[in-house]
Amino acid sequence: MTRPAGILRPYRPEDREALFDICVRTGHEGGDSRHLYPDPDLLPNIFAAPYVALEPELAFVVEDGGRAVGYILGTADTASFVSRYRTEWLPSLTGRYPAPVQPQDPPTPAGMMTGLMHDPERMVLPELDGYPAHLHIDLLPSHQRYGYGRALMETFLGALHARGVPAVHLSMVTSNTPARAFYDRVGFHEIAVPDPGPVTYLGRSTAATPPR
């Protein structure tokens, strides 16, 4: 198959619509999540938009045909990000997404995600202290397996390394085995966290990625 003609570059504000679309279309174990969340802005407002709002300098995209088709974004300091998310980002969302008053029975996907939105402190775990940065990376299926994921990762790690950030972590749905295979290839290892639920925590140094 012919490799798509993607270009890696820093995120720009005009990428916001594409960023939201990518997040939604990869938001269910790497696949389309539109059937799970009636409000298509819910996932992006948790896992994408706050990062480009609070730390846009750590957001990069792959562009093809004038539109972003993949991204990597994150924070250099999770604890600081959580504090800013609580005070600067979350207040703008509470009218649209009120905090759950009590757990739903049975829980809905949207209800669970809204609960996560209102609990940014869940991201601060003592087991992750040695990995102060964290990231999210998503790429549309049309541009996967062409090296763009690795290129995004190398760019993000390089930006962290230049800031003196020693290590980074991420969390992923454990059942997403293709994603785990990718993270293994680019040098991530598992971090033991008590009772992690349906996710696995991975981390690595920000030094150069292993050879292909």
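Bear in mind the structure is a predicted one, so any value in this text is a computation, not a measurement. Residue indices begin from 1 for each chain and proceed along its sequence in written order. Totals for whole chains, interfaces and linings use all residues, but because this is a predicted model, local features are given only for residues with pLDDT of at least 70 and pairs of side-chain atoms are given and counted only at 80 or more. No hydrogens and no water enter the side-chain calculation; it runs on all heavy atoms of the structure.

## Description of the environment of R204
Selection rule: For the purposes of this entry, the term helix denotes a DSSP run of H or I that reaches at least four residues, the term strand denotes a run of E that reaches at least two, and both are numbered from the N terminus. Polar contact is the term for a pair of N or O atoms within 3.5 Å; when the atoms are in protein, one must be able to donate a hydrogen and the other to accept it, and sequence-neighboring residues count only if both atoms are side-chain atoms.
Position of R204 relative to the elements: it lies in strand 7 (residues 199–205). For the pair R204 and E190, spaced 14 residues apart in the sequence, the C-alpha separation amounts to 8.9 Å. A distance of 3.4 Å separates the side chain of R204 from the backbone oxygen of A208, its partner in a polar contact.

## Observations concerning the pattern of salt bridges
Stated precisely, the cut-off is as follows: The term salt bridge refers to a side-chain nitrogen of Lys or Arg lying within 4 Å of a carboxyl oxygen of Asp or Glu. Only protein chains enter the accessibility calculation, which uses a 1.4 Å probe. A residue is then buried if its area is under 20% of the maximum for its type, exposed if over 50%, and partly exposed in between.
Scanning the entire structure with this criterion turns up 14 salt bridges. Residues E63 and R12 are paired through a salt bridge, measuring 3.6 Å at the closest nitrogen-oxygen approach. Within this pair, whereas E63 is found in strand 2 (residues 60–64), its partner R12 is found in the loop between strand 1 (7–10) and helix 1 (16–25), the two being separated by 51 residues in sequence. Accessibility expressed as a relative area gives 15% for E63, which makes it buried. Judged by relative accessible area, which is 36%, R12 ranks as partly exposed. The closest approach of N and O atoms between D32 and R34, which form a salt bridge, is 2.4 Å. Each of R9, R12, E14, D15 and E63 takes part in a single network of salt bridges with overlapping partners.

## Considering the packing of helix 6 (residues 148–162) against helix 7 (residues 177–185)
Let me state the cut-off plainly: Note on definitions: angles span 0 to 180 degrees between N-to-C directions of axes, and those axes are lines fitted to C-alpha atoms, for helices only across the stretch in contact. Here the angle decides the label: under 35 degrees means roughly parallel, over 145 means roughly antiparallel, 65 to 115 means roughly perpendicular, and every other value means oblique. Two helices crossing with the near one rotated counterclockwise from the far one by less than a right angle form a left-handed crossing, whereas a clockwise rotation gives a right-handed crossing. Contacts are assigned to residue pairs that have any heavy atoms within 4.5 Å of one another.
Two numbers describe how helix 6 lies on helix 7: the axes approach to 11 Å, and their chain directions differ by 55 degrees. Here helix 6 is positioned oblique relative to helix 7, judged by the angle of their axes. Crossing handedness for the pair helix 6 and helix 7: right-handed. Along the contact surface, helix 6 presents G149, R150 and M153, while helix 7 presents F182, Y183 and R185.

## Remarks on unusual backbone geometry
Phi at R145 is positive, roughly 70 degrees, even though this residue is not glycine. Residue placement: R145 occurs in the loop between strand 4 (133–139) and helix 6. Positive phi is not limited to glycine here, since D195 has a value of about 45 degrees. For D195, the position within the fold is in the loop between strand 6 (189–191) and strand 7. Residue D195 is classed as exposed on the basis of its relative accessible area, which comes to 77%.

## Concerning the nonpolar core
Formally: To form a nonpolar core, buried Ala, Val, Leu, Ile, Met, Phe, Trp, Tyr and Cys residues must be joined to one another through side-chain atoms within 4.5 Å.
Among the nonpolar cores identified, the biggest contains 58 residues, and L135, M153, Y183 and F188 are the most heavily contacted of them. Core analysis: the next-biggest nonpolar cluster, separate from the first, contains 7 residues, Y131, A167, I191 and V199 among them.

## Re helix 5 (residues 109–117)
We apply this condition: Each direction from the helix axis to a C-beta atom contributes to the arc, which is the arc of those directions.
For helix 5, the complete set of buried residues consists of G111, M113, T114 and M117. Each buried residue of helix 5 lies within a common arc of 165 degrees when the element is viewed along its axis, so the set occupies one face. Packing partners of the buried residues in helix 5 comprise helix 2 (42–47) and helix 4 (78–89).

## Focus: the packing of aromatic side chains
Aromatic ring pairs are reported here in terms of the distance separating the ring centres and the angle at which the planes meet. Formally: Any Phe, Tyr or Trp ring, taking Trp's six-membered ring, that has another such ring centre within 6.5 Å forms a pair; planes under 30 degrees apart are called stacked, those over 60 apart edge-to-face, and the others tilted.
All chains considered together, the criterion is met by 4 aromatic pairs. Between Y51 and F81 the ring centres are 4.4 Å apart and the planes differ by 10 degrees, which places this aromatic pair in the stacked class. Here Y51, found in helix 3 (residues 49–54), pairs with F81, found in helix 4; they are 30 residues apart in sequence, far enough to count as distant. Of the two residues, Y51 and F81, neither departs from the other in class, the shared state being buried. Ring geometry for Y183 versus F188: centroids 5.7 Å apart, planes at 65 degrees, classification edge-to-face.

## Topic: the side chain of D138
Relative to the helices and strands, D138 resides in strand 4. Within the local environment of D138, its side chain forms a polar contact with the side chain of T26, the two groups lying 3.3 Å apart. In terms of polar contacts, D138 uses its side chain to reach the side chain of Y71, at 2.8 Å. Excluding residues that lie within four positions of it along the chain, D138 makes contacts with I22, T26, G70 and Y71.

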